[in-house]
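# Results of the structural survey
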Amino acid sequence: MSVATHSARDISSIESILRNIGPYNEVPDEYNADEAAEALRTTTVLVIGAGGLGCEILKNLALTGFKKIHVIDMDTIDVSNLNRQFLFRPKDVGHSKAEVAARFIQERIGDEELKITPYFGKIQDKPLEYYRQFGVIVCGLDSIEARRWINATVVSLVDSELNNLIPMVDGGTEGFRGQSRVILPTLTSCYECTLDLLSPKTTYPVCTIANTPRLPEHCIEFASVIEWPKHFPGRKFDADDPESVQWMYETALARAKLFNIQGVTKQLTLGVVKNIIPAIASTNAIIAASCCNEAFKIVTNTNPILNNYMMYAGDESIFTYTYAHSRRPNCPVCGNMSKKVIAKNWWTLDRFIEEISGKQEIQMSSPSLTTAEKSLYLRNPPNLEQATRPNLAKKFNTLVRAGDEVVITDPNLPISLRLTVEFTGPEVEPDDVNSSLM
Amino acid sequence: MLKIRQLQKKKQQEAELASGSASPSGSGSRTDSPAKVSGAQLRLQKDITELDLPKTIKVTFPDSSDFFNFNLQILPQQGFYKGGVFDFKVEINGNFPIDPPKIRCLNKIYHPNIDLEGNICLNILREDWSPVLNLNSVLIGLNFLFLEPNPNDPLNKEAANVLVKDKSQFKRNVSNSMRGGYIDQTYYDKVLNI
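Residues numbered from 1 in each chain as written. Chains lettered and ligands numbered in written order. Predicted model: local features only at pLDDT ≥ 70, side-chain atom pairs only at ≥ 80, totals over all residues. Heavy atoms only, no water.

We now examine the nonpolar core. Counting residues in hydrophobic clusters, the biggest one holds 53 residues, and the most contacted among them are Leu-61, Phe-66 and Ile-69 of chain A. For this core, the element with the most residues is helix H11 (residues 281-300) of chain A, which contributes eight residues. The contacts of Leu-61 of chain A, once residues within four sequence positions are left out, are Val-45, Val-47, Phe-66, Ile-69, Cys-292 and Ala-295 of chain A. Val-162, Val-174, Met-178 and Ile-183 of chain B belong to the second-largest nonpolar core, a separate cluster that totals 46 residues. (Core = buried A, V, L, I, M, F, W, Y, C linked by side-chain atoms within 4.5 Å. Buried < 20%, exposed > 50% of the residue type's maximum accessible area, 1.4 Å probe, protein only. Helix = DSSP H or I, 4+ residues; strand = E, 2+ residues; numbered from the N terminus. Contact = heavy atoms within 4.5 Å.)

In structure tokens:
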């Protein structure tokens, strides 16, 4: 029996997986068990989300032998989380999920080497640079918007030489169903490539809601879509405010009485307006387990990783299916790598457009250019063209900072083109023609 | 990561073959944080700069750097609503194109598919929205509502009933309402283009 040094946790069971090269190892010649064990110890993993999936993921990663874990979550603990988010106790209600989860795991596992760094806030708060430190990112999110953001971020980190490629493992559950997937940015399909797989939110036609309600849901939608904006113009409904929820419930109930519809309850009201899907703890456990195994395989190279999408459906008996979702060539996020262009400091925007339009590989007829912050020049619609036309005569380096991403769309291009701009040369165009040739 | 490195190499070789020559490698990556463009903005820029609208639809942007909020005018040249100018506000959220654009009519108008608060009943704005549709299709759809009001999916039930029962009465009601006036004790905004 091996005795662990210091107070480090005994990971002999994991060591045996690392030491024995199995028949499925894809890189038997290069594989080295010591390096794999070292990678497990030194790779920094980012866990996004410390909720239902996140609690499972954190626990699994820590017990699998990862030593450097960061966790981000913007939420605080709610009483309704306690049934499945097992790192939290009633006394933790109101506190940061990330901080409480990190402390719990740290105390429970009691491993001096293990360091869990929590961040209580949004993923969008962190600069691009922050994400570069991670070897793997594991997501247990419930929001499409957050997934799209982190996906676009990891894709944008990859440079033209394919450096800084951070694998991302994404898990998601919905009742008895779930999926886990591995995204190798720019190599395999990204989250944005598969947006069309998402099942649309349940919505009801406004006309039905307004005139011929049949279901309790119709009455609640009536209260939320038609009555709320009428009574509280300009105010967004806050599902965490008990008074607003009560108002919504009463309004829906009155509507239901009018049409003799049964079944409007406070719980259903909350479910409809918040679009709540029941969470099942065991589905979270299954998906989180799959995600963590993938993270382990990515870092250690012991076994082939998931290629690249595993769906799990437990609502009708049980069914799983794994397939390789292919990349979408015209994906707006990963279908086009950001290309680097060098602009002269003395160029105007007009000159810049002229220069890039002439390039063989770009070939544009009427390009429109923007950055994340502002529109540079837009060809269409007419009043935007007029509003942005004065920019054409301005110096390009007063509109864009070095390193900014410029997005170009053109009717000739099936996708949008992303250019990262760098500047060289003097501020004023040199008189001597030869000097500009360098 | 070993497997991933293999995949990287393979892809680079493919890229080099495709471009015919190896790209000049060199300068290291930047260390500060450049401004990033969101997926929604990428898609929206494409949708907006490629709008191809009939003369009866006008879009105006109060802020030329904000694609997510803009105004819309529909000026029907034929049908019941000929001569009217109808104002709309379009709001698009960061989850576009998963979430459809939100469009609201700013005038109080007499229309079977638009209620007095400006809510619009158009299937592709709600239950039939899908990310494969684009902004252009939604605006064309909205324009169509003014050419062919649909009495089968009413939001303004009274208007729909009149349209079904008596077309010429409906026509009179529309032109009266567009001049600014009362129909069945409800005042409608003046939207005539004079």
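Here we take up the interface of chain A and chain B. Taken together, the contact between chain A and chain B spans 79 residues of the former and 54 residues of the latter. Contact between chain A and chain B buries roughly 5,500 Å² in total, counting both sides, with carbon and sulfur atoms accounting for 56%. Our count for the contact surface shared by chain A and chain B stands at two salt bridges. Ionic pairing is found between Lys-230 of chain A and Glu-117 of chain B, a salt bridge with its closest N-O pair at 3.9 Å. Counting across the chain A and chain B interface gives 17 residue pairs in polar contact (both at pLDDT 80 or more). (Buried area = accessible area lost by both parts, 1.4 Å probe. Salt bridge = Lys/Arg side-chain N within 4 Å of Asp/Glu carboxyl O. Polar contact = N/O pair within 3.5 Å; in protein donor to acceptor, adjacent residues only side chain to side chain.)

Bringing the UniProt feature "domain: UBC core" (unreviewed entry) in chain B into the picture now. The positions that UniProt labels "domain: UBC core" (unreviewed entry) are, in the present scheme, residues 39-183 of chain B. Each end of residues 39-183 of chain B is marked by a C-alpha atom, and these two atoms are 46 Å apart; helix forms 31% of the span and strand 16%. (UniProt positions renumbered as here; feature names shortened; annotations may be inferred.)

Attention now moves to the pairing of strand S12 (residues 405-409) of chain A. All names here are of chain A. Summarising burial for S12: five of the five residues are buried, a large majority. Judged by which residues are buried, S12 turns out to be covered on both faces: Glu-405, Val-407 and Thr-409 on one side and Val-406 and Ile-408 on the other are all buried. The pairing of strand S10 (residues 368-370) with S12 spans three bridges and is classified as antiparallel. Opposite Ser-368, over in S12, you have Thr-409 as the bridge partner. (Pairing = 2+ DSSP bridges.)

Residue placement: Asn-284 of chain A occurs in helix H11. Leaving out residues up to four positions away in the same chain, Asn-284 of chain A has contacts with Gly-52, Leu-53, Glu-56, Arg-84 and Thr-173 of chain A.

Before going further, it helps to examine helix H9 (residues 242-258) of chain A. Three or four residues apart is the spacing at which side chains of an α-helix point the same way, because the helix has 3.6 residues per turn. All names here are of chain A. Here H9 is 17 residues long and its end C-alpha atoms lie 24 Å apart, about the 24 Å a rise of 1.5 Å per residue gives. Here H9 has its buried residues at Ser-244, Val-245, Trp-247, Met-248, Tyr-249, Thr-251, Ala-252, Arg-255 and Ala-256. On its buried face, H9 is in contact with helix H7 (206-211), helix H8 (216-231) and helix H10 (266-274). Asn-260, located one to two residues past H9, shows a positive phi value of around 60 degrees. (Expected span 1.5 Å × (residues − 1).)

In spatial order, the strands read S9-S13-S12-S10-S11 (chain A); together these five strands make up an open sheet with mixed pairing. This sheet does not close on itself; its edge strands, each paired only once, are strand S9 (339-344) and strand S11 (375-377) of chain A. Strand-to-strand twist of the sheet, defined as the mean angle between neighbouring strand axes without regard to direction, takes the value 35 degrees. Pairing geometry for S9 of chain A and strand S13 (residues 417-424) of chain A, over six bridges, is parallel. Bridge assignment links Ala-343 of chain A to a residue of S13 of chain A, and that residue is Phe-423 of chain A. Of the strands in this sheet, S10, S12 and S13 of chain A touch helix H2 (residues 39-49) of chain B, which is tilted by about 35 degrees from S12 of chain A. (Axes fitted to C-alpha atoms, helices over the stretch in contact; angles between N-to-C directions.)

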